[in-house]
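For reference, the chains in residue letters:
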Amino acid sequence: MSKQNIAEQNNSISTFVRIIHLGFIFLGITAWLTGEIADDYKKIEHLGFTIHGWIGIALAVLVAMRLVAGFAGARGDRFSEWMPFGKERLNLIFQDIKNLFKMKLPVRETHQGIAGLVMIYGLAGLVYMAVTGAIMFFYLEPGNKIDNGPMHFVKEMHEFGEFLMPTFLFAHVSAVVLHALQGRHYWKRIIFMKYED
């Protein structure tokens, strides 16, 4: 195994977090697709709201597990290893942005540079959706339309996520596809748990 592969393996996320990531893919997309049917909360019969809500709760559990791993998990899983705080890590982001303007795709260790920034955005979006969704799931009373008050505000905040998450997915999936087109199949690390291409 080359030095680069050993470095990537040491810096890599754990199998536990990879499985959580797969759960994010499945449950996140399913929650997004069932969001429209959740609008039946206004009716006494509200199967769409119930389905969407339980998918969201399962996703919220995964988000909580990822947050725990981010603070107390394996070294490669910890946010301290990749959150772009500090001058050096912020400089990597600016270098990556400059390279993108020159049509050069950044190649860095896991979650470094602009990839770390995109991951923060995605994880923050998931936390935002999990919190607002859980509030609605536990406190919204189906059968009543909410036109004002605190629950209406939470509902509006949650619906804003219909913009947040697709922008994250676009950025993340685009990067994965562009890297794959250049022969770097990072997606295999998540889907097939492989370190090497």
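Sequence order as written defines the numbering, with residues in each chain counted from 1. Owing to the predicted nature of the model, reporting of local features is limited to residues with pLDDT of at least 70; listing and counting of side-chain atom pairs is limited to 80 or more, with chain, interface and lining totals taken over all residues. Excluded from the side-chain calculation are hydrogens and water; included are all heavy atoms of the structure.

## Observations regarding the overall build of the chain
And then number 1: Helix and strand definitions here come from DSSP, where helices need a minimum of 4 consecutive H or I residues and strands a minimum of 2 consecutive E residues; each element is numbered from the N-terminal end. Broken down by element type, the chain carries 7 helices and 0 strands.
And then number 2: Considering only C-alpha atoms, the chain reaches an extent of 60 × 30 × 30 Å along its principal axes.
And then number 3: Residue contacts are counted whenever heavy atoms from the two residues lie within 4.5 Å of one another. Restricting the contact set of the chain to residue pairs at least 6 apart, pairs at least 24 apart contribute 64%.
And then number 4: Of the roughly 12,000 Å² that the chain leaves accessible, carbon and sulfur atoms contribute 68%.
And then number 5: None of His or the chain ends enter the tally, which takes Lys and Arg as positive and Asp and Glu as negative. Lys charges are placed at NZ, Arg charges at CZ, Asp charges at CG and Glu charges at CD. The averaged location of the 17 negative side-chain charges in the chain is 13 Å from the averaged location of its 19 positive side-chain charges. A 1.4 Å probe and the Shrake-Rupley method give the accessible areas. Residues count as covered only by the protein chains that appear here.

## A few points about the packing of aromatic side chains
Aromatic ring pairs: the centre-centre distance and the angle between the two ring planes describe each pair.
And then number 1: Planes of paired rings set the category: under 30 degrees apart is stacked, over 60 is edge-to-face and the rest tilted, where pairs are Phe, Tyr or Trp rings (Trp by its six-membered ring) whose centres lie within 6.5 Å. Counted under the stated rule, the structure contains 5 aromatic pairs.
And then number 2: Consider the rings of Phe137 and Phe138, whose centres lie 5.1 Å apart with planes at 85°: the pair is edge-to-face.
And then number 3: Whether a residue is buried, partly exposed or exposed follows from its accessible area with a 1.4 Å probe, protein chains only, as a fraction of its type maximum: under 20%, in between, or over 50%, in that order. Overall, Phe137 belongs to the buried group, its relative accessible area being 17%.
And then number 4: Take Phe138: its relative accessible area is 56%, and that puts it in the exposed class.
And then number 5: Aromatic rings pair up to connect Trp54, Phe137 and Phe138 into one cluster.

## Examining the packing of helix α5 (residues 114-139) against helix α6 (residues 150-181)
And then number 1: Viewed as axis vectors pointing N to C, α5 and α6 meet at an angle of 150°, and their least axial separation amounts to 9 Å. Relative to α6, the element α5 lies roughly antiparallel. Taken as a pair, α5 and α6 cross one another with a handedness that is left-handed.
And then number 2: Its residues assigned to classes, the contact of α5 with α6 comprises 17 nonpolar, 8 polar and 1 charged. Angles here are taken between N-to-C directions and fall from 0 to 180 degrees, while the axes themselves are lines fitted to C-alpha atoms, restricted in helices to the stretch in contact. Put simply, angles under 35 degrees are roughly parallel, angles over 145 are roughly antiparallel, angles from 65 to 115 are roughly perpendicular, and the rest are oblique. Left-handed describes a crossing whose near helix is turned anticlockwise from the far helix through less than a right angle; right-handed describes the clockwise counterpart. Each residue gets one of three labels, nonpolar for Ala, Val, Leu, Ile, Met, Phe, Trp, Tyr, Cys and Pro, charged for Asp, Glu, Lys and Arg, and polar for the others, Gly among them.

## Quick word on the nonpolar core
And then number 1: We call a set of buried Ala, Val, Leu, Ile, Met, Phe, Trp, Tyr and Cys residues a nonpolar core when their side-chain atoms join them within 4.5 Å. Ranked by internal contacts, the top residues of the largest apolar core, which has 16 residues, are Phe24, Leu27, Leu59, Leu62, Leu126 and Met165.
And then number 2: Of all the secondary structure elements, the ones that give two or more residues to this core are α2 (15-34), α3 (47-72), α5 and α6.
And then number 3: Ignoring sequence-local partners within four residues, the contact set of Leu126 consists of Phe24, Leu59, Val63 and Met165.
And then number 4: Counting residues in hydrophobic clusters, the runner-up holds 7 residues, among them Tyr41, Met136, Leu140 and Met151.

## So, the packing of α3 against α5
How two helices pack is summed up by the angle between their axes together with the distance between the axes.
And then number 1: Where α3 contacts α5, the two axes come as close as 9 Å, and the packing angle between them is 135°. Taken as axis vectors, α3 and α5 run oblique relative to one another. Remark: the crossing between α3 and α5 carries left-handed chirality. Counted together, Phe49, Gly53, Trp54, Ile57, Leu59, Ala60, Val63, Arg66 and Leu67 of α3 and Leu123, Leu126, Val127, Ala130, Ala134, Met136, Phe137 and Phe138 of α5 form the full contact between these two elements.
And then number 2: Of the residues contributing to the contact of α3 with α5, the split by class is 15 nonpolar, 1 polar and 1 charged.

## Some words on the pattern of salt bridges
If charged atoms from side chains of opposite charge come close, those side chains can pair.
And then number 1: Salt bridge, as used here, is a side-chain nitrogen of Lys or Arg placed within 4 Å of a carboxyl oxygen of Asp or Glu. Applying the stated criterion across every chain yields a total of 3 salt bridges.
And then number 2: Taking the shortest distance from any N to any O, the salt bridge between Asp39 and Lys42 comes out at 3.1 Å.
And then number 3: For Asp39, a relative accessible area of 37% corresponds to the partly exposed category.
And then number 4: For Lys42, a relative accessible area of 31% corresponds to the partly exposed category.
And then number 5: With its nearest N and O atoms 3.1 Å apart, the salt bridge here joins Lys155 to Glu159. In this pair, Lys155 and Glu159 both sit in helix α6, 4 residues apart, roughly one turn of the helix.

## Re a nonpolar patch on the surface
And then number 1: Residues enter patches when they are more than 30% accessible in relative terms and free of salt bridges; like-charged ones are connected within 9 Å and nonpolar ones (Val, Leu, Ile, Met, Phe, Trp, Tyr) within 5 Å. Judged by side-chain polarity, Ile25, Ile29, Trp32, Leu33, Leu169, Val173, Val177, Leu178, Leu181, Trp187 and Ile191 come together as a nonpolar surface patch covering roughly 1,000 Å² of accessible area.
And then number 2: Of note, Leu181 is situated in helix α6.
And then number 3: For Leu181, a relative accessible area of 69% translates into the label exposed.

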